Amino acid sequence: IDCTKSQWDDAPDRYAVAAEDETLVFALHNDCSAAQVANGTVNLSTIAFLVISLLLLSRHQRKTEVKFDEDEQTAQDYSIMVDGCPPDALDPDEWKDFFTEVSESKVTMVTIALDNAPLLKALVAHRKLRRMLQKPEYLKKLRVNLGWKKRLDNDADVREMLDQTEPLVGLDKFFARIGLGDDIRSHYVELIRLNDLIRDLADRDYDATDIFVTFETEAGQRRALQEMSVGQCEIYWNRSTIPRYCKFRGTTVLEVIEPTEPSTIRWFDLSVSNGDRIKGIIISTILSFVTIAASVVFLMWRVNDGDSFIALYIAAMNVVVPAICKYIVKFEAHPDQGDRSMSLYFKITFFRWINTAVIISVAVPFTHTLSSEQEDLIPHIYTIFLAELVSAPLIATIDIAGFFKKHFVAPRQSNQDDCNACFRGAPWELAERYTTVTKLLFLCFFYAVLYPLGYFVCSAALFLTYHVDKFCLLRVWEPAAHVGTKLAEMNRALFFPLCILALFIVNSYHYARFPYDNLCATNQTAGFEYAGNYTIYTEGNVNDEYYAEYVDIYASDTAYKYCDQDILSAMKFPATSKTQSDDATWMTDDQELLVDIFGWSGFGVLLAILGLKYGCMTWSYLCSCFRGTYEPSGEDMNINFSSLDGICAYVPQLRYYAKENFPLIATNYEDIDLKLMDWEDPDGGYEKWDLRREIPEDLMKRLKKKRRKYLSIVKHYPLVPSIQRILDREMVRLLEERSDIVSKSGASKSDSSTVKSPKSARSRAYDSP
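Values in this document were obtained by computation on a predicted structure and should not be read as measured data.

**Student:** Quick rundown of the sheet that holds strand S4 (residues 107-114)? Include the residues and the values.
**Tutor:** Taken in spatial order, the five strands make up an open sheet running S6-S3-S5-S4-S13, and their pairing is antiparallel. The open sheet has two free edges, formed respectively by strand S6 (255-257) and strand S13 (713-716), since each of these has just one partner strand. For this sheet, the mean inter-axis angle between neighbouring strands, taken without regard to orientation, is 15 degrees. Here S4 pairs with S13 via four bridges, running antiparallel.

Right, here's the structure in full:
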C-alpha cells in the first residue's frame, strides 16, 4: 500500500511488480523474530559484566602505575620543570641558588634549554651528510684519492674535494636530476652551505626556554612544587600571593611543573613557540581528515559496486593509514614523546573506528542489514573480524623489512655503525598498539546486537594480539620510546567511557530498527481480489526472465506499507518507542520495552559521562586557572638522587629527530658525572655522538673565547665525597634495620613490594647539608 519504486532506490532488489497487474506492488519482508526480552536480558547482563570489568581494569592500571613508580626511582621523582622562563636567565648558578632557597634542599643539577632548534637541525643535517660522504663508495667517485687527512668540516678541504670530483655527464646527469642517480658534487655544495649556515647560527645569542632542576631528595622537589603551585591566570598576569622568595628575581611568577622522564623529552621541539605548535597541529589535523575522507570515499565506492574484497581493503588501510598518520604527526612539535603519542593515538583511533566499524554500516543499504548475501552487512562484519584476526598479527610477526635489512642490507654495509643500525629492530608506536586493541573492542561493541558471535571472535583476536605483541616486543621491535602513563590515562578517560556509551546507544538503535525492511503491517489483508499465483519482476524489470520470481498470494495475507525504520539517519535521539509515528509502527511489545530500556539508559549514561566525568575534568581545569592544584603522588622513599646507580638526568640529547644508534648529545657533558647518562657506546664513547664535532675548529675556538652559549647548558653540583661516604654507611645501616624489622614482623611479600628499593646499596635517608 502506498509503495513506490523511488522509495527503494537504495535496494531495488527488494522491490517488485506483478506481470499480470503492474499496479500490484511487492516488497521483501524480513520474516525474522524481532528483539525479545530474553535476548535483551542476556545483552544487559553482558553489558553489566563489561562495565564492571572495565572499571576493575582501570582500577588495576592505576594501582600498577603507582606500584611501578614506587618500585624504581627515576629522575622525574627528584626534578621540576620551569616552563616559559625569563629568556635572559642563562646562569645555572642563579637557578640553583633560587631553588635552594625555595625548597630548603640541595640542588644537584640544573639544565637550561635554549631556543637553538635551527642550529641543531643544521648540525644533524651536517652529520648525516658528512657520514655519507665518508663511505668508501663515495671515496671511489673522487678523481684523486685525497686521503682522510682532509676534514669535511673544513671549508677549504671540502672545496678541494669539490674541485677533484668529476661532474656528471650524459645519462648519469639526467638520472641524477630526476632523482634516480647520485650527484656527489651536489652533496659537497650542500656541505659547504651547511658549514656556512652553522657558522652563522652558532655565533648568535640564544634565549632560555625551559629549565630543569633536579634536587637531591624527593622532599626538596615536592616542597618546591608545593610552594610555587599557582593558577594559570596568576602566571599570565604575573600576579600572585605567593611569598616574594618564591618569585624569580623577586618579581616573576614561574610556571613550575613535574616533568616527564628525561628520555621522553624532545629537546629539539622545546623551543618551538605556541603559535607554531598550533599551526602544526592544524595542518596535521587537516591532512588527517583528508586521509580519512579519501579512505571513506574509496570504501563507499567499492561497497556500492558490490566488491567482495571489502574486508581486505579495510585490513590493508588499517596498516597503511597509521603509517601515513606517523608521517603527518611530524608536522607537529611536542615537548615530550608522551604528547606526541597522544596526538598519534587520537588520529589513528579516529580513523580505525570509522574505517573498521562505521563505514560499512553507512555504505551498506539499510534493508540489507540482515540479509545473507555476500554484499550485505552481516557477511561483511564476519569477514572484517576474520581479516583483523589474521592480518594484523601476521604482518607484525613476519617483519619483512627487518628480515631484508638483517640478511641483505647489513652484510653490504661499509662500516660497523651502519651494520648495527640494520639490527635495531622494527620501529613501533605504543599509541598504534593501543588503537589495535580499541579497534577490536569498538567493532565488537558496535555490532553486538547484530553479531553476538563477535564477542568470542574479539576475545580470540585480543588473545592472539597479546601474545604476538609479546613476541614482537622481545624479538622483533626496537626498544620502545618512553611515553609515561599519558596514553593509559587518556585511554581510561576517553575510550572506556565511549565503549560503555556505545554499548547502550548503538544497541538501542539496533533494537529499534528491527526488522530492517522498511515495512509496517496494516490492518488490511490481500482479500480475494488479489489472491492467486503471480509472476513478479524485481527492480521493476518487467518481462525480463532474469528477474522473474513466482509467488502465491492468499486472501488472508497481511498487506504492508512503506515506513522509514532508519531512525538513526533521521537523527532521532534517544532511540525509544516514541520515535515511531502514529500511522507507522513496526515494533513489537517486547521490542518497545527493550528499546526504551536501552535508549533511556544510553541517554542517562551520556549525561553521566558529560556531567560527572568530563564535567569534573572541566571544573578541575577551571580551578587550575585561578589556584594551584599540585598534590604529591606516592610516598617519599627517602632515597637520595646521588646515591642511585643507573639513573639518568636531564641531559639534552636528540633521540627522536635523528635516527641514530645512540642519541646525539647537544650540550656540554664534560662537567657532569657520566653515570647520569642512560646509555654508553662501548666502541666510540660519548665523543663520537657529540654534535659539537660538526662545528669547524676555528669557529669552536672563537666561541670558547667569547663564552658563547649556543647549546643547552647543563651544570652538575655533586655531593662532597666525604659526606657521600657518611651517607652511604648510614643508608646501609637503615636498610639492615629495615630488613630485620620485616623479617621479625613476618611481613608479606605484597607489603614489602611497595617499598621502593634503590638500584644500589649506596643511598641515604635524609637531606645533605
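**Student:** Can you break down the packing of aromatic side chains residue by residue, with the values?
**Tutor:** Inspection of the entire model under this criterion finds 34 aromatic pairs. The interplanar angle of 65 degrees and the centroid separation of 5.4 Å between the aromatic rings of Phe-298 and Tyr-313 together place this pair among those described as edge-to-face. With Phe-298 in helix H10 (residues 274-304) and Tyr-313 in helix H11 (residues 310-328), the pair connects residues that are 15 residues apart, well separated along the chain. Phe-298 gets classed as partly exposed once you look at its relative accessible area, which sits at 29%.

**Student:** Outline helix H18 (residues 486-513), supporting the account with residue identities and numerical values.
**Tutor:** When the terminal C-alpha atoms of H18 are compared, their 39 Å separation across 28 residues agrees well with the 40 Å that a helix rising 1.5 Å per residue should span. Where H18 bends most, the angle comes to about 30 degrees, and this point is Arg-492. In terms of residue burial, H18 counts as a mostly covered element, since 23 of its 28 residues are buried.

**Student:** Talk me through the nonpolar core; I want residue IDs and the actual numbers.
**Tutor:** Among the nonpolar cores identified, the biggest contains 83 residues, and Ile-360, Phe-385, Phe-445 and Tyr-447 are the most heavily contacted of them. Counting residues per element, this core draws most heavily on H18, which supplies 15 residues. Other than its neighbours up to four places away in sequence, Tyr-447 contacts Ala-357, Ile-360, Ser-361, Leu-377, Ile-381, Pro-452 and His-510. Core analysis: the second largest hydrophobic core is formed by 77 residues, Met-109, Val-230, Tyr-650 and Leu-676 among them.

**Student:** Residue-level account of the sheet that holds strand S2 (residues 25-27), with values.
**Tutor:** What links the strands of a sheet is backbone hydrogen bonding, and the strands pair in either a parallel or an antiparallel sense. Spatially, four strands are ordered S2-S1-S8-S9 in an open sheet, and the strand pairing comes out antiparallel. With partners counted over all chains shown, the strands left at the sheet margins are S2 and strand S9 (548-553), one partner each. On average, each strand axis in the sheet is tilted by 35 degrees relative to the strand beside it, whichever way the strands run. Inspection of the sheet shows strand S1 (residues 15-18) paired to S2 by three bridges, in the antiparallel sense. The residue of S2 that forms the bridge with Val-17 is Val-25.

Basis of the calculations
Residues numbered from 1 in each chain as written. Predicted model: local features only at pLDDT ≥ 70, side-chain atom pairs only at ≥ 80, totals over all residues. Heavy atoms only, no water. Pairing = 2+ DSSP bridges. Helix = DSSP H or I, 4+ residues; strand = E, 2+ residues; numbered from the N terminus. Axes fitted to C-alpha atoms, helices over the stretch in contact; angles between N-to-C directions. Phe/Tyr/Trp six-rings, centres within 6.5 Å; stacked < 30°, edge-to-face > 60°. Buried < 20%, exposed > 50% of the residue type's maximum accessible area, 1.4 Å probe, protein only. Expected span 1.5 Å × (residues − 1). Bend = angle between axes of the 7 residues up to and from the residue. Core = buried A, V, L, I, M, F, W, Y, C linked by side-chain atoms within 4.5 Å. Contact = heavy atoms within 4.5 Å.

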